[in-house]
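Now for the letters of each chain:
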Amino acid sequence: MEENKKYYITTPIYYPSGDFHVGTCYCTLMADTLARYKRLRGYDVFFMTGTDEHGQKIEEKAKAQGITPKEYVDEFVARAKDLWKVLKISYNKYIRTTDEEHVLAVQKIFEKLYNKGDIYKGEYKGLYCTPCESFWTETQLVDGKCPDCGREVKEVKEESYFFRLSKYQDRLLKYYEEHPEFLEPEKRKNEMIKNFFDKGLEDLCVTRTTIDWGIRVPFDPKHTVYVWLDALTNYINGLGYTTDNDEMFKKYWPADIHLVGKEIFRFHAIIWPAILMSLDLPLPGKIFGHGWLLVNNKKISKSFGNYKDPRVYINATSVDALRYYLIKEITFGEDGNFSEELFVERVNSDLSNDLGNLVSRVTAMAEKYNDGIIVKKDNLPLQDIDEELISVAKQTVTNIEKYMDELKTNEAIAEIWKLISKANKYIDLSTPWILAKEGNTDRLNQVLYNLVECIRIIAIPLQICFVDTPNKIFNQIGVSGEDITWDSAKEFGVLKNGTKVSKGEILFPRVELTEDLFKVEDEEENKESEDRKGIITIDELDKVELKVGQIKEVEKVAKSKKLYKLQVDVGEKELRTIVSGIVPYYKEEELLNKQIVVVTNLKPAKLCGIESNGMLLAAGDDDVVKLLILDNNNGTLENGTNIH
Ligand code: MSP
């Protein structure tokens, strides 16, 4: 390994929300691909991934399942790590924002920024999108909704600390200009500058007082740190920044590349460098915003029915097949499509036919004609077809380097397939079976040598995208050690005289796209895991009977400060008695004759000795409770009307 050749690469740290699908794997898989490539090139690679575990969303999800946020995130992390194992993601560190080291580092960073005067106290008034954990200004909204996800935003007003992002506007722009390679692809950079800098950067609200599940501001603990400030700093905290044990930080920072999805590009391109500038730290080499993976050209979501665990595809084919498709079929940086039909087509044509057949034909011929022994004779003249093949082979890895260094991963992989295709044609043109029949042993040996040497040169860069197949190929063609180093793939003629080849298992069996091929196998288990997440089906929801009711009588329950005994008309012959704890929130006259929403098929319960036959729907917490009262604009509904 050359001195000073380090490569620090990161993925975003994932929100523990929902399930994994091929889209969520994409970023991590691409980072793994780049990490593997750099390792093959002799770099000292540090590859970090992890989870972003704080924030209101997590708090709410855990609550919905009746567990603590920590229990919720622990369960998710276990599932994430399982999946990364299946995909053979070669990360060096998995950081969790609940790790103590990270928590302490965030607090120290917050203090540093505050002491520098870049964080100040103020009042936040604005619009917040809970699912995206993002603050917006009125002008940034699209049709009054969150510009990222299109959902409702809510107005919040609270005491907050702010980061002086506006102060860094000019420095950031200057940096982008002086370092054109810093933000890629170019179009994302331009789009971001247009959307955010043209209007001028605003200071960023970096604390909340209404969110519990977060890292406390050390000198003002009623505030928790805004999740993005918490999350972004993982990239340095994971290396031990601010700790006594910061050798890793000294060795690997600045990162060479942060890979991120396009929707979070701006956080990495604006907020993160500004924080680093404020901390007087060097900026990462590159922030690369990749596109989204669509499934059958649609956004991946449960409601589209295109939301499958990637293991479904791996089980039907192999981990290498899935990796190949995602790396080869999608132009890195653009949106891409995952289609089950195309996936099967690629497995059968590129993997089974082109690569699989090349290896199996060549090893079978070597076994059949020469007991698997490869003979190298340097003194035989080359024919035109040999020279053509050799020149493509010698160029392959150099071309791959060029494409990989430009992050054109799909083009890099395509170079391997150019050589595969050339080698397959070479078999047809050199006709080893005729040479064998004619007893032309010298030429036969020469042809077989050229073919096995090509397979060696193919299998070396295949390690960029495949995790199992290259070793199988190396075993079949009997090479190891210095014969499979990266640089050895730039030379033709490395394969030793007398190498023993043996035909092995089929590398990529063909697959047939039947209805069952990608069926989600264990429905029962899926249901169980959905249950655990608090998800219900439409049928289950249908079990809840909701009706329009009208409050006809109101009476305080003598023994209670909270309870009213109500008589409610839900369209039945008799009024229903419902006991409800809304005395602190409504006066009797405010309730009388109001139409409200009643759960009518709830099991009766006794409250203060009175049997309650139903429940009124209300929203709120201990401080504020609001009944769902039907307005009487455009007429009224009949009591007992079903609510769907
Ligand atoms: N927690 C933040 C990142 C903080 S980094 C300091 C986050 N997490 S996420 O779980 O929502 O997303 C993680 C990554 O998965 C993002 O880069 C996102 O773009 C990516 N993807 C999620 N769905 C995807 C597709 N369908 N296709 C490609 N990438 C996708 O954002």
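As the structure is a computational prediction, the values presented were derived from the model and not from experiment. Think of each chain on its own: its residues are numbered from 1, step by step along the sequence as written. Totals for whole chains, interfaces and linings use every residue, but because this is a predicted model, local features are given only for residues with pLDDT of at least 70 and side-chain atom pairs only at 80 or more, for both listing and counting. Here the side-chain values reflect all heavy atoms present in the structure, with hydrogen atoms and water set aside.

## Digging into the overall build of the protein chain
Moving on, step 1. Secondary structure assignment for the protein chain yields 21 helices and 26 strands.
Moving on, step 2. Relative accessibility thresholds used throughout: buried, under 20% of the residue-type maximum; exposed, over 50%; partly exposed, between the two (1.4 Å probe, protein chains only). For the protein chain, the proportion of its 644 residues judged to be buried stands at 52%.
Moving on, step 3. Whether two residues are in contact is decided by their heavy atoms: any pair within 4.5 Å suffices. Long-range contacts, defined here as pairs at least 24 residues apart, represent 75% of the contacts in the protein chain between residues at least 6 apart.
Moving on, step 4. Total accessible area on the protein chain stands at roughly 30,300 Å², and carbon and sulfur atoms take up 48% of it.
Moving on, step 5. The protein chain carries 88 positive and 107 negative side-chain charges, and their two centres are separated by 1 Å. Helix and strand definitions follow DSSP, with helices as H or I runs of at least four residues and strands as E runs of at least two, each counted in order from the N terminus. The method behind every accessible area is Shrake-Rupley, applied with a 1.4 Å probe, and residues are considered shielded solely by the protein chains displayed. Note that His is not counted, nor are the chain ends; the positive residues are Lys and Arg, and the negative ones are Asp and Glu. Charge coordinates come from a single atom per side chain, which is NZ of Lys, CZ of Arg, CG of Asp or CD of Glu.

## A look at empty space enclosed by the protein
Moving on, step 1. Think of a 1 Å grid over the protein atoms and nothing else: a 1.4 Å probe that fits but is trapped marks a cavity, an open set flanked by protein within 12 Å on at least five of seven lines marks a pocket, and residues with an atom within 4 Å of a point count as lining. Grid points are joined across faces, edges and corners, and a volume is the space filled by probe spheres set on the points. Per the counting criterion, the structure on display carries three cavities of 30 Å³ or more.
Moving on, step 2. There is about 60 Å³ of room inside the largest cavity.
Moving on, step 3. Note on residue classes: Ala, Val, Leu, Ile, Met, Phe, Trp, Tyr, Cys and Pro are nonpolar, Asp, Glu, Lys and Arg are charged, and everything else, Gly too, is polar. Split by residue class, the lining of the largest cavity holds six nonpolar, three polar and two charged.

## Looking at the site of the ligand
Moving on, step 1. Any residue with a non-hydrogen atom lying within 4 Å of a molecule or strand is treated as near it. Near the ligand, the surroundings consist of 23 residues, among which I13, D52, G261, E263 and L293 are the closest.
Moving on, step 2. In protein, a polar contact means a hydrogen-donor-capable atom and an acceptor-capable atom, both N or O and within 3.5 Å, with residues adjacent in sequence counting only if both atoms are side-chain atoms; elsewhere, any N or O pair within 3.5 Å suffices. Contact between the ligand and Y15: an oxygen atom at 3.0 Å from a main-chain N or O atom of the residue.
Moving on, step 3. G261 places a main-chain nitrogen or oxygen 2.9 Å from an oxygen atom of the ligand.
Moving on, step 4. With the chains in place, 90% of the 660 Å² that the ligand exposes on its own is no longer accessible.
Moving on, step 5. Think of it this way: if more than half of a molecule's atoms are within 2 Å of a pocket's grid points, that molecule is in the pocket or cavity. Given that more than half its atoms are within 2 Å of the pocket grid, the ligand belongs to the largest pocket.
Moving on, step 6. Elements that contribute at least two residues to the shell around the ligand include exactly strand 1 (6-14), helix 1 (22-40), helix 7 (227-232), helix 8 (234-237) and strand 11 (257-261).

## Describing the layout of surface pockets
Moving on, step 1. In this structure, the largest pocket spans a volume of roughly 1,600 Å³.
Moving on, step 2. Residue assignment for the lining of the largest pocket shows that the elements contributing at least two residues are strand 1, helix 1, helix 2 (56-65), helix 7, helix 8, helix 10 (265-278) and strand 13 (293-295).
Moving on, step 3. The greatest single-element share of the lining of the largest pocket, amounting to four residues, is contributed by helix 1.

## Description of the pattern of salt bridges
Moving on, step 1. Here, a salt bridge means any Lys or Arg side-chain nitrogen found within 4 Å of an Asp or Glu carboxyl oxygen. Considering all chains together, one arrives at 46 salt bridges under this definition.
Moving on, step 2. What you see here is one network of salt bridges that share partners, running through K38, R41, E401, D405, D487 and K490.

## Here we look at the nonpolar core
Moving on, step 1. Residues grouped as a nonpolar core are buried Ala, Val, Leu, Ile, Met, Phe, Trp, Tyr and Cys residues, joined through side-chain atoms within 4.5 Å. In this structure, W84, F338, L355 and W417 are the most contacted members of the largest nonpolar core, which totals 104 residues.
Moving on, step 2. Considering every element that reaches this core, the biggest residue donor is helix 17 (residues 441-462), with 13 residues.
Moving on, step 3. Counting 72 residues, the second-largest nonpolar core is a separate cluster that includes L127, F197, Y226 and Y252.

## Regarding a negative patch on the surface
Moving on, step 1. Taken together, the side chains of E553, E555, E588, E589 and E590 define an acidic patch exposed on the protein surface.
Moving on, step 2. Those elements that place two or more of their residues in the negative patch are strand 17 (546-556) and helix 21 (588-591).
Moving on, step 3. The greatest single-element share of the negative patch, amounting to three residues, is contributed by helix 21.
Moving on, step 4. Counting through the fold element by element, E555 comes out in strand 17. Patch building starts from residues that exceed 30% relative accessible area and form no salt bridge, then joins like charges within 9 Å and nonpolar side chains (Val, Leu, Ile, Met, Phe, Trp, Tyr) within 5 Å.

## So, the pairing of strand 12 (residues 287-290)
Moving on, step 1. With burial as the criterion, each face of strand 12 is covered, one bearing I287 and G289 and the other bearing F288 and H290.
Moving on, step 2. Strand pairing is assigned whenever DSSP identifies at least 2 bridges connecting the two strands. In terms of strand pairing, strand 7 (residues 183-184) meets strand 12 through two bridges, oriented parallel. Looking at the pairing, L183 lines up with I287 of strand 12.
Moving on, step 3. Alignment of strand 11 against strand 12, held across four bridges, turns out to be parallel. Counted as the bridge partner of L259 is F288 from strand 12.
Moving on, step 4. Assignment of crossover handedness uses the view with strands pointing away from the viewer, where a clockwise path from the first strand over the helix to the second indicates a right-handed crossover. Considered for its hand, the β-α-β crossover made up of strand 11, helix 10 and strand 12 is right-handed.

## Section: the pairing of strand 2 (residues 44-51)
Moving on, step 1. Taken across its eight residues, strand 2 has eight buried, putting it largely inside the fold.
Moving on, step 2. Pairing analysis gives seven bridges linking strand 1 to strand 2, with the strands arranged parallel. The residue of strand 2 that forms the bridge with Y14 is T51.
Moving on, step 3. Pairing of strand 2 with strand 3 (residues 93-96) involves four bridges; the strand directions are parallel. Note on strand 3: the bridge partner recorded for T51 is R96.

## Observations regarding the sheet that holds strand 4 (residues 119-129)
Moving on, step 1. Ordered in space as 5-4-6-8, the four strands form an open sheet in which the pairing is antiparallel. Both outer strands of the open sheet, strand 5 (134-136) and strand 8 (204-205), are each paired with one neighbouring strand and no more.
Moving on, step 2. Bridging between strand 4 and strand 6 (residues 154-163) involves ten bridges; their strand directions are antiparallel. Each residue of the ladder has a partner; that of Y128, found in strand 6, is K154.

## Concerning the sheet that holds strand 2
Either a parallel or an antiparallel arrangement is found when strands of a sheet pair, and the pairing is made through backbone hydrogen bonds.
Moving on, step 1. The strand order 3-2-1-11-12-7 describes an open sheet built from six strands, whose pairing is parallel. Pairing within the sheet leaves two strands with one partner each, and these edge strands are strand 3 and strand 7.
Moving on, step 2. Only the stretch in contact is used when fitting a helix axis, every axis being a line fitted to C-alpha atoms; angles between N-to-C directions are given from 0 to 180 degrees. Where helix 1 meets the sheet, its contacts fall on strand 1, strand 2, strand 11 and strand 12, and the angle it forms with strand 1 comes to roughly 170 degrees.

## Some remarks on the packing of helix 12 (residues 319-329) against helix 15 (residues 409-430)
Moving on, step 1. Interhelical geometry of helix 12 versus helix 15 gives an angle of 115 degrees and a closest axis separation of 7 Å. As the angle between them shows, helix 12 and helix 15 are arranged roughly perpendicular. Listed contacts from helix 15 to Y324, I327 and K328 of helix 12 are T409, N410, I413, A414 and W417.
Moving on, step 2. Across the contact of helix 12 with helix 15, the residue classes tally to five nonpolar, two polar and one charged. Angle categories are assigned with fixed cut-offs, so that under 35 degrees is roughly parallel, over 145 is roughly antiparallel, 65 to 115 is roughly perpendicular, and the rest are oblique.

## Considerations on helix 10
An α-helical turn contains 3.6 residues, so a residue and the one three or four places further along point in the same direction.
Moving on, step 1. Taking 1.5 Å of rise per residue, 14 residues should cover 20 Å, and helix 10 covers 20 Å from first to last C-alpha, within 8% of that figure.
Moving on, step 2. Of all the bends in helix 10, the greatest reaches close to 25 degrees and is centred on W272; the proline P273 follows between one and four positions later.
Moving on, step 3. Most of helix 10 is tucked away, with 14 of its 14 residues classed as buried. In this analysis, the expected span of each helix is defined as 1.5 Å times one less than the number of residues it contains. In this analysis the local bend is the angle between axes fitted, respectively, to the seven residues ending at and the seven residues starting at the residue.

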